There are 4 protein chains.
Amino acid sequence: MTSVTKLNNSPYRVGMVGAGFMAKLHSLSMRNIAGLMDDPTASFELVRIIDVHEPLAQREAERWGWQEYGNDWKTVTNDETIDIVDIATPNDSHYEICLEAFAKGKHVICEKPLSTNSAMAEIMARKAVASGKVHMVNFTYRAWPAIAQAKKIIESGAIGKIRHFEGHFLQDHNNDPTIPLQWRFIEAKAGAGALGDVGAHIIDLARFLVGEFDSVSATMQRFIDERPLVEDRSQKGAVEVDDFTSALVKFSSGATGTIKAGWALPGFKNDVFFNVIGDKGSLRFSWERSNELQYFDSSDPAVISGYRTILMGRAHPGAELFWFPDLGGESGVGVTAQGIGYGEAFALSFKHFVESLKSGQSTAPNFIDGLRCCEIIDAIKISAAEEAWQKVHLAEI
Amino acid sequence: MTSVTKLNNSPYRVGMVGAGFMAKLHSLSMRNIAGLMDDPTASFELVRIIDVHEPLAQREAERWGWQEYGNDWKTVTNDETIDIVDIATPNDSHYEICLEAFAKGKHVICEKPLSTNSAMAEIMARKAVASGKVHMVNFTYRAWPAIAQAKKIIESGAIGKIRHFEGHFLQDHNNDPTIPLQWRFIEAKAGAGALGDVGAHIIDLARFLVGEFDSVSATMQRFIDERPLVEDRSQKGAVEVDDFTSALVKFSSGATGTIKAGWALPGFKNDVFFNVIGDKGSLRFSWERSNELQYFDSSDPAVISGYRTILMGRAHPGAELFWFPDLGGESGVGVTAQGIGYGEAFALSFKHFVESLKSGQSTAPNFIDGLRCCEIIDAIKISAAEEAWQKVHLAEI
Amino acid sequence: MTSVTKLNNSPYRVGMVGAGFMAKLHSLSMRNIAGLMDDPTASFELVRIIDVHEPLAQREAERWGWQEYGNDWKTVTNDETIDIVDIATPNDSHYEICLEAFAKGKHVICEKPLSTNSAMAEIMARKAVASGKVHMVNFTYRAWPAIAQAKKIIESGAIGKIRHFEGHFLQDHNNDPTIPLQWRFIEAKAGAGALGDVGAHIIDLARFLVGEFDSVSATMQRFIDERPLVEDRSQKGAVEVDDFTSALVKFSSGATGTIKAGWALPGFKNDVFFNVIGDKGSLRFSWERSNELQYFDSSDPAVISGYRTILMGRAHPGAELFWFPDLGGESGVGVTAQGIGYGEAFALSFKHFVESLKSGQSTAPNFIDGLRCCEIIDAIKISAAEEAWQKVHLAEI
Amino acid sequence: MTSVTKLNNSPYRVGMVGAGFMAKLHSLSMRNIAGLMDDPTASFELVRIIDVHEPLAQREAERWGWQEYGNDWKTVTNDETIDIVDIATPNDSHYEICLEAFAKGKHVICEKPLSTNSAMAEIMARKAVASGKVHMVNFTYRAWPAIAQAKKIIESGAIGKIRHFEGHFLQDHNNDPTIPLQWRFIEAKAGAGALGDVGAHIIDLARFLVGEFDSVSATMQRFIDERPLVEDRSQKGAVEVDDFTSALVKFSSGATGTIKAGWALPGFKNDVFFNVIGDKGSLRFSWERSNELQYFDSSDPAVISGYRTILMGRAHPGAELFWFPDLGGESGVGVTAQGIGYGEAFALSFKHFVESLKSGQSTAPNFIDGLRCCEIIDAIKISAAEEAWQKVHLAEI
């Protein structure tokens, strides 16, 4: 791959496509990341933001300092002064925008899931790799300190060989039947429902922490079959996707697992959760207490054996960007546990993106990771439909 | 069925078969239950305890006041003065003892799982029903206050229609490879490993809280393939059963679920755990905090919406037997949360048994519940072996 | 002191005075302790139970197998066949019964607080020591596995020099104003309110874990000034004692602390709580999760630094009596975390009493500990009344 | 007071004095707040940042876009184009800078504690009020959603009359004796140690949630008496302040409380903690789980009575600025619990400051709140030194 060479520390020039919920988080991350990294070469220039609904683009432009806004994403891909395309549109549009962006020599950061199906995702991944440009899928949880620390503990061998992974991403907000029939409820636009929206994240974390999937056996449920139309709430239309999906998993390593994704399960507010259970220890995490990592070490003496509740501080990966001052002691630890939130997760994603831009290496999570996630989603859908175990097809890229 | 008529409040005369770990808990429960219930008609006379390893029987007899001990269980079934046979032997022996006990007109309380396979369990259930005697399988968690309260909340409709059940019973002690090859590791004696031992409980709770199983898809894992022989620890023999089993479940109601059972998963000490998720609320329980029930009510206003952590007290079913004094206030609530433990779970099982004896009604958990559990265990084993969904066969009794 | 020599392992013959709430817990403990300890020499014979309200005594006698009952406690102290007097009456009556019991050569176990004031407690402690008999005050939390383990960790030096102790025993039940004006609300009978009832326990734990008190500064509050009379609920009488007391503490070691005791604080069900903070680590406990001990070790590496949540099992002191089977592995740990409750706390108290009887050594918590607790209660009361620091007077015994 | 009238939505022009740890949080907040509030009139222009150590000022200027930097704070107060002075310097310098800023007609936001003693703070508060300008002390926790929600619940009467407040702010980082002798350890510069640094926050929260203090009784401890000099670590100098302070509190309302502040207590990472206990319910909060509020409502039926764990979302005050999308349902609740952190606390402080600037009303926490906090700190210091209850002097402003 080619690295990005910038003259005079000029900022990365970005065009963003999609001015919905993600625009705030991406924009803030790009505004602040150079300061947070204390690295002026990590700065972004917010050149143009696009949304088919132009007033949205205008609003976000005014809020976050985008220099221009518009409603035609090709003004971004065609702009020779733009280095990077940041894509946060409905899932079905990622394909065309990505392909055009690569064709025009842009680096691309794309929201998850990469596409609505693995066939398109495969093409996207091939194009990304072939482009020589930096490509990243915004699986934003990987860089989260507690999760990155979990990864480090696993890699150190401290919990031994992984036996089982229990993961879920569960929310309850869509249990409100008055929420209208947005694109996320339409299969052609979203690919899958809860499975594609929140499930993509927990699938990615399972791959990140355990490794590749071999096969899946799944159930899918829809709880609310009709919702008010966005345009006319007095009318209803059919929901086409899952509200909740559960899958048994066999990993290639021989480990097993369960993956659950839901957005209408009362009591679960925003629970990205995992237990990773090895033969020497285990790790637990829940986003509902996202500044904690639970770690059990089987080698502790029985009288003091128990999960440690580790609160995140500057000792943990990524956290040094934020509010954990070094007080000058020899340990270098300083104040711990002030707490970071969802916004910081995105800042850390963009830190990762900057590092990829600098090195020219599209380190994971890249478009191949995006593809793998789509392949797993497809396998889960087939398994549920056919009521049978389904091998996960891993396309060679 | 016939109820037990006792003259002069004479106690129930019991013979116990099996003097292993369960003997202590059963003996104490029977010694104390009349006092705890403050009901002299609930008293048991501990007549005779049997173990093939007679010194064990002697030891337990001396500890708990059994009048006699021996090594031949037929001295119990043949004893016309004995009303009740209490069976806590390895799983493969339940069949013969139960059948003989019913043949001799005894009431029977039997440890779980009822048998090593559903074919034998079916015969046992038929004989139990045909006997007209009281029969109970000691699924001891059903009567636990926090779980009985969960059941009451579900029955009240407060959490609505159940969408998903997530349950596990996970321990880690057998991750110690020096634990010898006891009967629980031999398929012919145990039927299944973790699935039969601890899995039986969580399967029973799933049926108790949600209803009948329709079908299962499962994985089974063995982590430690060989263990030292009990008789000669310098030699090793093959473990034949699962250390960990996971199953996807479809319930007859349309709900889905996952069930996991394991005894060698680091970090899990004794975790009987469930989430029951309905369309209006949800419930959570973990035995590791067994005096708590977590309850989420979707109808709470958003600003105060959250799981309630309910600490058990005399307001909760079964707890009135124990240490929760009524202080004479109009609410009648009194002191809460002194805490009860595993021993009290067995006392509550025997309270249930006494109530069945008095009414002559073998209310659940009876031998039909024991059979259902075996049918589910069998289906899970077949599913794992065939790597396919397996319908649960429900024999008509 | 003289040890108790029993011929032929004959049981300890006990007379109990007081058939209120404590009778159940004491009776069960004495019925079961020999079996739990698997030591036939630890058995008690329940000879006679007394209550001024004789029907209460009769009820408890019938429930637990006391051979006789009555309403005159002197029939116990005067009975030459009785070895032990177990006192669970209102606080103001302990003095006379104890003195008579020692005068008649009985061993004595007495409920806490030892007396309604330190002057009487001092006489009781002198008489106890002078008697050469075994004396114990039933500070039942000392022997609880999680707390006994905390003590062991402190003694090991693992948390270093203690800097601060934060302890409370808080309940909410008496926030119900319809609870009638029992003896606990009358100063002459109780000595203090919440401070004497639940505060005695947390004061004792502070002494157990940290050491002697030097001085206190306190506030006392009463929330409910009048309550219905027991005899005639249409009438009300004055509450004379505290509903809630808070004290700053200076320990003799230089450590500081806070002690709080309350029985009418909404949200606290039965919270015996402490943080013990040393210069190398700390310990946390709450009775509301009584099978857990939280342990923080400052020497852990920063990346895995955090409180360990230790679940109690047979590795922990006292727990070996209960439901934690040894499975024959070399570690000897076996199943952990089945859970024990308030009843087991009393069994462990009586185990301690048996050990004192056998050794003839009145190890703590004995009447001197009972005295120290009364001295602290008195100092707290004076401090609150005078709004000034008050030295704790430690009588020489 | 006079409100700030800006032409053409021109931004507030700010000069900041102090480029230490707080500079990052203040700078980011001012950069982002207009976007977060979606209000272009809320924007700040970062004109000049000053630090006596000019390279620090330069670094922060370059990171966050301050137009100029320097080492002389009078270039800020003397600059007629600057509207606002933001002060984040050592405590002893606040006085002179504030007085000059007010003299020059600036609005002032000042870090806590307002001053090193209440005598100076009183003058500062008088000058602030007399200036007619907006003044704020950055007690940043007041605006935190979980805490602001607690305040709303208290104001609603839902927990009734407050009986007791238990609060602490405890950290452990300064237990590292190699941390050098910075200004926070010198009484003349800091006023107090842990009490001034973290204690100021919990004192302010006690006032916010309960009301004014009447009197205090306190202990103060120093654990580490000497530390390496900043300039020459081979030399040591004397620590002059407290590492840990505990105080009993009587509030003017009749409620009682305890306040603790420490920065060297192993196990406590960053624990801003409170229990507010009323006669009808109670509230609990810990910064270590800062996106949660625990709420107990005594009016819940006994069978479901328990603390609710409320996870913050857009239903809670202040949270609407962040990552909690409204999904268009009628409830308007949307996704909850993505989590916010310490950075967002400062953004919410600046939101409050903006609102004060717009209204011209220096709503709490203003300089009078800053004064009250200093008065309480002084009373605690006197109480500890004199070992006696100390009335809190409330100067009339």
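Our subject is the structure listed above.
Owing to the predicted nature of the structure, the values given are computational and were not obtained by experimental measurement.

Engineer: Now, about the pairing of strand β15 (residues 292-297) of chain B: what can you tell me, with residues and values included?
Structural biologist: Sheet faces and side chains relate simply in a regular strand, where the side chains alternate between the two faces. All names here are of chain B. The element β15 is extensively covered by neighbouring structure, given that six of its six residues are classed as buried. Sheet topology places strand β14 (residues 281-286) next to β15; four bridges connect them, and they run antiparallel. Bridging from a neighbouring strand, R284 pairs with Q294 of β15. Between β14 and β15, which pair antiparallel and follow one another directly, the connecting turn spans five residues. As judged from the four bridges shared by β15 and strand β16 (residues 306-311), these two strands associate in the antiparallel manner. Its bridge partner lying in β16, Y295 is registered against R308.

Engineer: Describe the interface of chain B and chain C, naming the residues involved and giving the relevant values.
Structural biologist: Every contact between the two is made by 51 residues of chain B and, on the other side, 51 residues of chain C. Of the roughly 4000 Å² buried between chain B and chain C on both sides combined, carbon and sulfur atoms contribute 54%. Per-residue buried area on chain B facing chain C is highest for R289, W323 and L327 of chain B; these three make up 14% of the total on that side. Connecting chain B to chain C are six salt bridges. Its salt-bridge partner being E292 of chain C, residue R289 of chain B comes within 2.5 Å of it at the nearest N-O pair. Counting residues per element, the ones that place at least two in the side of chain B that touches chain C are α1 (21-37), α2 (54-64), β15, β16 and α10 (342-359) of chain B. Its residues placed into classes, the side of chain B that touches chain C shows 19 nonpolar, 19 polar and 13 charged.

Engineer: Which residues make up the interface of chain A and chain D, and what values do they have?
Structural biologist: Listed as interface residues are 51 residues of chain A and, on the opposing side, 51 residues of chain D. Contact with chain D buries area across many residues of chain A, yet R289, W323 and L327 of chain A alone supply 14% of it, more than any other trio. There are 27 residue pairs in polar contact (both at pLDDT 80 or more) connecting chain A and chain D. Taken together, the elements giving at least two residues each to the side of chain A that touches chain D come down to α1 (21-37), α2 (54-64), β15 (292-297) and α10 (342-359) of chain A. No other element matches α1 of chain A, which puts eight residues into the side of chain A that touches chain D. Here the residues of the side of chain A that touches chain D are counted per class, giving 19 nonpolar, 18 polar and 14 charged.

Engineer: Outline the pairing of strand β12 (residues 256-262) of chain A, listing residues and values.
Structural biologist: Residue and element names in this part refer to chain A. For β12, a buried count of seven out of seven residues is recorded, marking the element as mostly surrounded by other parts of the structure. Neither face of β12 is open: one carries T256, T258, K260 and G262, the other G257, I259 and A261, and all of them are buried. Strand direction decides the pairing type here: strand β7 (residues 162-170) and β12, joined by seven bridges, are parallel. Counted as the bridge partner of G167 is I259 from β12. Summarising the sheet, strand β11 (residues 244-251) and β12 pair through seven bridges and their orientation is antiparallel.

Engineer: Kindly report on the relation of the copies chain A and chain D, identifying the contributing residues and their values.
Structural biologist: In the superposition of chain A on chain D (RMSD 0.0 Å, axial shift 0.0 Å), the rotation amounts to 180 degrees. The symmetry that links the two subunits is that of a two-fold axis. When each C-alpha of chain A is compared by its distance to the rotation axis, G341 of chain A comes out closest, at 2.4 Å. Both copies present the same face, since 98% of the interface residues in chain A are matched by interface residues at the equivalent positions in chain D.

Engineer: Which residues make up the environment of I162 of chain C, and what values go with them?
Structural biologist: All names here are of chain C. Along the polypeptide, I162 turns up in strand β7 (residues 162-170). Through-space distance from the C-alpha of I162 to that of G281 is 9.0 Å; in sequence the pair is 119 residues apart. Once you skip the residues sitting within four places of it in the chain, I162 turns out to touch I154, L209, V210, A255, V276, I277 and G278.

Engineer: Outline the packing of helix α4 (residues 94-103) of chain A against helix α5 (residues 118-131) of chain A, supporting the account with residue identities and numerical values.
Structural biologist: Residues and elements named next belong to chain A. Put simply, α4 and α5 touch, their axes get as near as 10 Å, and they point 15 degrees apart. When the interaxial angle is binned, α4 and α5 end up roughly parallel. For the pair α4 and α5, the crossing hand works out as left-handed. Listed contacts from α5 to H94, Y95, C98, L99 and F102 of α4 are M120, I123, M124, K127, A128 and S131. In terms of residue class, the contact of α4 with α5 is built from eight nonpolar, two polar and one charged.

Engineer: Give a detailed account of the relation of the copies chain B and chain C, specifying residues and quantitative values.
Structural biologist: Relative to chain C, chain B is turned by 180 degrees and slid 0.0 Å along the rotation axis, the superposed coordinates differing by an RMSD of 0.0 Å. Taken as a fraction of all interface residues of chain B, those also at the interface in chain C reach 100%, which identifies the copy contact as same-surface.

Engineer: Could you give an account of the sheet that holds strand β3 (residues 68-70) of chain D, naming the residues involved and the relevant values?
Structural biologist: Residue and element names in this part refer to chain D. Read across the open sheet, the six strands follow the order β3-β2-β1-β4-β5-β6; overall the sheet is parallel. Taken across any chain shown, the strands that pair with only one partner, and hence form the sheet edges, are β3 and β6 (135-137). For this sheet, the mean angle separating the axes of adjacent strands, direction not counted, is 20 degrees. Here six bridges tie strand β1 (residues 12-17) to strand β2 (residues 44-50), and the two strands are oriented parallel to one another. Bridge assignment links V14 to a residue of β2, and that residue is L46. This element, helix α1 (residues 21-37), spans β1, β2 and β4 (84-87) of the sheet and lies at about 160 degrees to β2. Sitting on the sheet, helix α10 (residues 342-359) is in contact with β1, β2, β4, β5 (107-110) and β6, with an inclination near 160 degrees to β5.

Parameters at a glance
- Residues numbered from 1 in each chain as written.
- Chains lettered and ligands numbered in written order.
- Predicted model: local features only at pLDDT ≥ 70, side-chain atom pairs only at ≥ 80, totals over all residues.
- Heavy atoms only, no water.
- Buried < 20%, exposed > 50% of the residue type's maximum accessible area, 1.4 Å probe, protein only.
- Helix = DSSP H or I, 4+ residues; strand = E, 2+ residues; numbered from the N terminus.
- Pairing = 2+ DSSP bridges.
- Contact = heavy atoms within 4.5 Å.
- Buried area = accessible area lost by both parts, 1.4 Å probe.
- Salt bridge = Lys/Arg side-chain N within 4 Å of Asp/Glu carboxyl O.
- Nonpolar A, V, L, I, M, F, W, Y, C, P; charged D, E, K, R; others polar.
- Polar contact = N/O pair within 3.5 Å; in protein donor to acceptor, adjacent residues only side chain to side chain.
- Least-squares fit on C-alpha atoms with pLDDT ≥ 70 in both.
- Axes fitted to C-alpha atoms, helices over the stretch in contact; angles between N-to-C directions.
- Parallel < 35°, antiparallel > 145°, perpendicular 65-115°, else oblique.
- Left-handed = near helix turned anticlockwise from the far one by under 90°.

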